[in-house]
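The residues making up each chain are set out below.
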Amino acid sequence: MRSESLKKQNKQLKRALRVRKHLRGSTAKPRLCVVKSNKHIQVQLIDDEKGITLGTTATFAKEFRNTEFNHRNKASARKLGEKIAEIAKKHNVKEIVFDRGPFKYHGVLAELADGARAGGLQF
């Protein structure tokens, strides 16, 4: 049982590194990193040149805690995309690099990306 979970973690890590070796965030185009768990979604804007996080939001954040957007679903993902677009606008960011990590671009991630595009981000 333990070896199976270690194999799964190793596969996810390899997938994430394979995707991320082609992506690099800059001051002009920060990286939009998405982390998805069984219950929640977390989104960060990262400037890799300076090594800082410009902004972050998640379904477990204080503003979403007692609302219908406090779990991982498509409605929550769209709301997170719109929220991260607002945070990017505060930092005068219009373009981003989308980092999906080890996750496939469909369902919740596609909805999050559509919400970010609706908020005014380009990628």
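Below you will find a few notes about this structure.

Cut-offs applied
Residues numbered from 1 in each chain as written. Predicted model: local features only at pLDDT ≥ 70, side-chain atom pairs only at ≥ 80, totals over all residues. Heavy atoms only, no water. Phe/Tyr/Trp six-rings, centres within 6.5 Å; stacked < 30°, edge-to-face > 60°. Buried < 20%, exposed > 50% of the residue type's maximum accessible area, 1.4 Å probe, protein only. Helix = DSSP H or I, 4+ residues; strand = E, 2+ residues; numbered from the N terminus. Lys NZ or Arg CZ within 6 Å of the ring centre and 35° of its normal. Patch = residues over 30% accessible without salt bridge, like charges linked within 9 Å, V, L, I, M, F, W, Y side chains within 5 Å. Areas by Shrake-Rupley, 256 points an atom, 1.4 Å probe, with all protein chains shown as cover. Salt bridge = Lys/Arg side-chain N within 4 Å of Asp/Glu carboxyl O. Lys, Arg positive; Asp, Glu negative; His and termini not counted. Charge placed at Lys NZ, Arg CZ, Asp CG, Glu CD. Expected span 1.5 Å × (residues − 1). Contact = heavy atoms within 4.5 Å.

1. Quick notes on the packing of aromatic side chains
In step 1: Applying the stated rule across the entire model yields 3 aromatic pairs.
In step 2: Ring geometry for F98 and Y105: centres 5.9 Å apart, planes at 90°, overall edge-to-face.
In step 3: By relative accessible area, F98 is classed as buried at 15%.
In step 4: By relative accessible area, Y105 is classed as partly exposed at 38%.
In step 5: Centroid distance F98 to F123: 5.4 Å. Interplanar angle 10°. Geometry classified as stacked. One end of the pair, F98, is in strand β4 (residues 97–99); the other, F123, is in the segment after α3 (108–118), with 25 residues separating them in the sequence.
In step 6: Members of the aromatic cluster, each reached through a chain of ring pairs, are F98, Y105 and F123.
In step 7: One residue, R117, lies across the ring of F123, its end atom 4.3 Å from the ring centre.

2. Points about a positive patch on the surface
In step 1: A surface patch of like charges, here positive, comprises K8, K11, R15, R18, K21 and K104.
In step 2: Within the element layout of this structure, K21 appears in the loop between α1 (2–20) and β1 (31–36).

3. Describing helix α2 (residues 74–90)
In step 1: Its 17 residues give α2 an end-to-end C-alpha distance of 25 Å, which sits within 8% of 24 Å, the value for a rise of 1.5 Å per residue.
In step 2: Those residues of α2 that fall on the buried side of the exposure criterion are S76, A77, L80, G81, K83, I84, A85, I87 and A88.
In step 3: For α2, the secondary structure elements touched by its buried residues are β1, β2 (41–47), β3 (52–58) and α3.

4. Side note on the pattern of salt bridges
In step 1: Across all of its chains, the model carries 9 salt bridges by this definition.
In step 2: Among the ionic pairs, D99 bridges to R31, the shortest N-O distance being 2.8 Å. You can see D99 sitting in strand β4 and its partner R31 sitting in strand β1, a full 68 residues away along the chain.
In step 3: What makes D99 buried here is its relative accessible area of 0%.
In step 4: Owing to a relative accessible area of 13%, R31 belongs among the buried residues under this scheme.
In step 5: Note that E63 is salt-bridged to K83, the shortest N-O span being 3.7 Å. With a gap of 20 residues between them, E63 in the loop between β3 and α2 and K83 in helix α2 connect regions that are remote in the sequence.
In step 6: With relative accessibility at 43%, the residue E63 sits in the partly exposed group.

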